[in-house]
Amino acid sequence: MTMIELNDDLQEQESSVISQLPEDQELIITGVEREPKQKYRYLISFGQHVLSIHEDIMIKYRMIKGNTFWKQELEEIVLSNEKQLGYVQALKYLERKARTSKEIQIRLKEKETSQEVIEDVLARLTREGLVNDAIYAQQWAEQRITSQRKGKAWVRQELRQKGVDKLLIAEALDGVSPDQEYQSALLMGRKKWNQTKGELLDKKRKTGSYLMRRGFSGEQVRRVLNQLIQEDELQDIDDDNFEDE
């Protein structure tokens, strides 16, 4: 059984246990034991009824043997437990690299996490500074343009796919100067230009198309081509138009 399947089973099990509890009497904890093979989780027994609760939640609500709870209180505890589980799952997803809010939302939905829990998890991660779409977009834009040599159009599309707000994308791209983008375009354009055989017209079309596919603007492409022609001390014989899509 995978971790996702196991977590789903735990949530279903807790909901089933809660539904079976009586409404009109206090429920006493008859046993507390660490859950085998499940780090930071404990089995809380109310007679024959057993809940699997995260350690943090167990401590927060003082779920120790002999303490009593009403069913309504346990429903709130189970919801808190689900939020803690969603938070832990999100932290694991963030271990390798930063993520956008949308990426975390998609990840938690794949684990059948409720929308209420997802919103709580995202709010907590935002408060703690672990998720910040504005900073993510700024760092992504700078890295992709200056290191990966992509144009702003390419980066804009990537950030859209990651669910970043349009305003944040615009601000992030504005943070990369036209000259930074041009230097990346020139580096990639020069490489393509030198690899391309044939007449000037062929070199221009192939290099220009290559740069456009990488997301550079028509203006940047024309500027790069003019520079490459000058470097080769060639006379331009054609006025190709590279327009932004």
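Small disclaimer: the values here were computed from a predicted structure and weren't measured.

Draft legend 1. The arrangement of the overall build of the protein in detail. Each helix and strand in the protein was counted, giving 11 helices and five strands. When the 245 residues of the protein are sorted by exposure, 42% land in the buried category. Sequence-distant contacts in the protein: of pairs separated by 6 or more residues, those separated by 24 or more amount to 61%. Of the roughly 14400 Å² that the protein leaves accessible, carbon and sulfur atoms contribute 46%.

Draft legend 2. Local environment of the side chain of glutamate 158. Residue position: glutamate 158 is located in helix H7 (residues 152–161). Of note is the side chain of glutamate 158, whose polar atom sits 2.5 Å from the side chain of arginine 144. Not counting chain neighbours up to four residues away, the residues in contact with glutamate 158 comprise Trp140 and Arg144.

Draft legend 3. Layout of the environment of tyrosine 136. The topology assignment puts tyrosine 136 in helix H6 (residues 133–146). As a C-alpha pair, tyrosine 136 and serine 101 span 35 residues in sequence and 10.0 Å in three-dimensional space. Leaving out residues up to four positions away in the same chain, tyrosine 136 has contacts with Ala98, Arg99, Thr100, Glu103, Leu159 and Lys162.

Draft legend 4. Region of interest: the pattern of salt bridges. The full count for this structure, using the stated rule, is six salt bridges. The salt bridge partner of lysine 162 is glutamate 103, with a shortest N-O separation of 2.9 Å. Pair noted here: lysine 162 is in the loop between H7 and helix H8 (166–174) and glutamate 103 is in helix H4 (residues 101–110), with a separation of 59 residues, a long-range link. Glutamate 158 is paired through a salt bridge with arginine 144; the nearest N and O atoms lie 2.5 Å apart. Of the two residues, glutamate 158 sits in helix H7 while arginine 144 sits in helix H6, which places them 14 residues apart along the sequence. Glutamate 158 sits in the buried class, given a relative accessible area of 14%. Since its relative accessible area comes to 16%, arginine 144 is described here as buried.

Draft legend 5. Focus on the nonpolar core. Among the nonpolar cores identified, the biggest contains 17 residues, and Ile44, Phe46, Leu51, Ile53, Met63 and Leu74 are the most heavily contacted of them. Elements represented by at least two residues in this core include exactly helix H1 (3–20), strand S3 (41–46), strand S4 (49–54), helix H2 (55–60) and helix H3 (71–94). Discounting residues that sit within four places of it in the chain, isoleucine 53 has contacts with Tyr40, Arg41, Tyr42, Ile44, Met58, Met63, Ile77 and Asn81. The next biggest cluster of nonpolar side chains, apart from the first, holds 14 residues, and it includes Leu200, Tyr210, Val221 and Ile229.

Draft legend 6. A negative patch on the surface, seen in detail. A grouping of Glu26, Glu73, Glu75 and Glu76 is seen on the molecular surface, where their side chains present a negatively charged patch. Counting through the fold element by element, glutamate 75 comes out in helix H3.

Draft legend 7. Fine view of the sheet that holds S3. Reading across the sheet, the three strands line up as S2-S3-S4 and stay open at both edges, with antiparallel pairing between neighbours. Two strands in the sheet have a free side with no partner beyond their single neighbour: strand S2 (31–34) and S4. Pairs of neighbouring strands in the sheet enclose a mean axial angle of 25 degrees, with direction left out of account. Bridging between S3 and S4 involves six bridges; their strand directions are antiparallel. When the sheet's bridge partners are listed, phenylalanine 46 is paired in S4 with histidine 49. The strands touched by H3 are S3 and S4; relative to S4, the strand with the most contacts, the crossing angle is about 40 degrees.

The rules behind each value
- Residues numbered from 1 in each chain as written.
- Predicted model: local features only at pLDDT ≥ 70, side-chain atom pairs only at ≥ 80, totals over all residues.
- Heavy atoms only, no water.
- Helix = DSSP H or I, 4+ residues; strand = E, 2+ residues; numbered from the N terminus.
- Buried < 20%, exposed > 50% of the residue type's maximum accessible area, 1.4 Å probe, protein only.
- Contact = heavy atoms within 4.5 Å.
- Areas by Shrake-Rupley, 256 points an atom, 1.4 Å probe, with all protein chains shown as cover.
- Polar contact = N/O pair within 3.5 Å; in protein donor to acceptor, adjacent residues only side chain to side chain.
- Salt bridge = Lys/Arg side-chain N within 4 Å of Asp/Glu carboxyl O.
- Core = buried A, V, L, I, M, F, W, Y, C linked by side-chain atoms within 4.5 Å.
- Patch = residues over 30% accessible without salt bridge, like charges linked within 9 Å, V, L, I, M, F, W, Y side chains within 5 Å.
- Lys, Arg positive; Asp, Glu negative; His and termini not counted.
- Charge placed at Lys NZ, Arg CZ, Asp CG, Glu CD.
- Pairing = 2+ DSSP bridges.
- Axes fitted to C-alpha atoms, helices over the stretch in contact; angles between N-to-C directions.

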